[in-house]
Amino acid sequence: MKTVLIISTSPRKGGNSEILADAFAKGAREAGHQAEKICLYDKSISFCKGCLVCQKTQRCVIRDDADVIARKMKNADVLVFATPIYYYEMCGQMKTMLDRANPLFPSDYAFRDIYLLASAAENEESAVDGAVSGLNGWIACFDKTSLKGVVRGVGATNPGDILRNATALEAARRMGRSV
């Protein structure tokens, strides 16, 4: 059994990327894994100060929800990020959380596999490429990890639109089962 931490980064409760996160969690649980979903829409997360104290202490000097989430990230076997696509990139909340996970860099982190679930208003799957590139930049700093899969939930403009994309929902569930 693996511990799967799903971080839903959308500022919108019940948004399309969160629905993808729920499908992934369902698949992971079906496969017998422990899946926890954390939503950032109700969290207090400040920007990284760039002080680098965390590189010595392995803990951020800012004591907010990002500090708690980063510590959970450290112990998870699998990390999953769900994001809406804003201007062909991950949402700002996801980028801020990745920045605040800097204490993990010098640590003995458990995670090896990372997944990205993205929803985009655009119909082209290439709309997600910027978010994939951005996440790969973060992953490159962690030698023991790799991006194992991406779900591109395109054509989802309004809340709930992703429910009409059975292909993306099934891909997220199947990906969750495969961890």
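See the structure printed just above.
Residues numbered from 1 in each chain as written. Predicted model: local features only at pLDDT ≥ 70, side-chain atom pairs only at ≥ 80, totals over all residues. Heavy atoms only, no water.

Asks: How do you make sense of the packing of aromatic side chains when you look at a structure like this?
Replies: How two aromatic rings sit relative to each other is given by the distance of their centres and the angle of their planes. Within this structure, the stated rule accounts for eight aromatic pairs. Measuring from centroid to centroid gives 4.6 Å for Trp138 and Phe142, while their planes differ by 45°, and the two rings are tilted. In this structure Trp138 comes out as buried when scored by relative accessible area, which is 10%. Owing to a relative accessible area of 3%, Phe142 belongs among the buried residues under this scheme. Three or more aromatic residues joined by ring pairs make a cluster, and in this case those are Phe81, Phe105, Tyr109, Phe111, Trp138 and Phe142. (Phe/Tyr/Trp six-rings, centres within 6.5 Å; stacked < 30°, edge-to-face > 60°. Buried < 20%, exposed > 50% of the residue type's maximum accessible area, 1.4 Å probe, protein only.)

Asks: What is the right way to read the pairing of strand E3 (residues 78-86) from this model?
Replies: Successive residues of a regular strand alternate their side chains across the two faces of the sheet. For E3, the buried fraction is high: eight of the nine residues fall into the buried class. For strand E1 (residues 3-8) and E3, the ladder comprises five bridges, and the chain directions are parallel. Paired with Ile6 across the two strands is Val80, which belongs to E3. Both E3 and strand E5 (residues 113-119) contribute to a ladder of seven bridges, which runs parallel. Within the sheet, the bridge partner assigned to Val78 lies in E5 and is Asp113. Here two bridges tie E3 to strand E4 (residues 89-90), and the two strands are oriented antiparallel to one another. (Helix = DSSP H or I, 4+ residues; strand = E, 2+ residues; numbered from the N terminus. Pairing = 2+ DSSP bridges.)

Asks: Explain the pairing of strand E6 (residues 146-153) here, please?
Replies: Note that E5 and E6 share seven bridges and pair parallel. When the bridges of E6 are listed, Leu116 appears paired with Val150. Since E5 and E6 lie parallel, the crossover through helix H5 (residues 129-139) that links them has a hand, and here it is right-handed. (Right-handed = clockwise from strand over helix to strand, strands pointing away.)

Asks: Explain the nonpolar core here, please?
Replies: Inside soluble globular proteins, nonpolar side chains tend to come together where they are buried. Counting 34 residues, the largest nonpolar core has Met73, Leu79, Phe81, Leu135 and Trp138 as the members making the most contacts within it. Only E1, helix H3 (65-75), E3, helix H4 (92-100), E5 and H5 provide two or more residues apiece to this core. Apart from the residues lying within four places of it in its own chain, the contact partners of Phe81 are Ile7, Met73, Met94, Leu98, Ile114, Tyr115, Leu116, Leu117, Leu135 and Trp138. (Core = buried A, V, L, I, M, F, W, Y, C linked by side-chain atoms within 4.5 Å. Contact = heavy atoms within 4.5 Å.)

Asks: Would you mind going over the environment of Asn16 with me for this structure?
Replies: The topology assignment puts Asn16 in helix H1 (residues 16-30). Engagement of the side chain of Asn16 in a polar contact is seen with the backbone nitrogen of Gly160, the distance being 3.0 Å. A polar side-chain atom of Asn16 sits 3.1 Å from the main-chain amide nitrogen of Asp161. (Polar contact = N/O pair within 3.5 Å; in protein donor to acceptor, adjacent residues only side chain to side chain.)

Asks: Even after reading the chapter, I still don't get the packing of H1 against helix H6 (residues 166-177), so can you show me in this structure?
Replies: Two packed helices can be described by the angle between their axes and the distance between those axes. At a minimum axis separation of 6 Å, H1 and H6 run at an interaxial angle of 35°. Judged by the sense of rotation from one axis to the other, the crossing of H1 with H6 is right-handed. Only Ala168, Leu169, Ala172, Arg173, Met175, Gly176 and Arg177 of H6 make contact with H1, whose side of the interface consists of Ile19, Leu20, Ala23, Phe24, Lys26, Gly27, Ala28 and Glu30. The residue makeup of the contact of H1 with H6, split by class, is nine nonpolar, two polar and four charged. (Axes fitted to C-alpha atoms, helices over the stretch in contact; angles between N-to-C directions. Left-handed = near helix turned anticlockwise from the far one by under 90°. Nonpolar A, V, L, I, M, F, W, Y, C, P; charged D, E, K, R; others polar.)

Asks: When you look at the pattern of salt bridges in this model, what are you seeing that I'm missing?
Replies: If charged atoms from side chains of opposite charge come close, those side chains can pair. All chains considered together, the criterion is met by 16 salt bridges. Among the salt bridges present, the one from Arg59 reaches Asp67, with a minimum N-O distance of 2.7 Å. The buried category is assigned to Asp67, whose relative accessible area is 4%. Salt-bridge contacts for Lys95 lead to Asp99; the nearest nitrogen and oxygen are separated by 2.4 Å. Taken together, the residues span about one helical turn, with Lys95 and Asp99 both in helix H4 at a distance of four residues. A residue is classified by how much of its surface remains accessible, and Lys95, at 42% relative accessible area, is partly exposed. Under the relative-accessibility criterion, Asp99 is labelled partly exposed at 31%. A single network of salt bridges, built from pairs that share partners, joins Glu30, Glu170, Arg173, Arg174 and Arg177. (Salt bridge = Lys/Arg side-chain N within 4 Å of Asp/Glu carboxyl O.)

In short, shape yes, function no, at least from these values alone.
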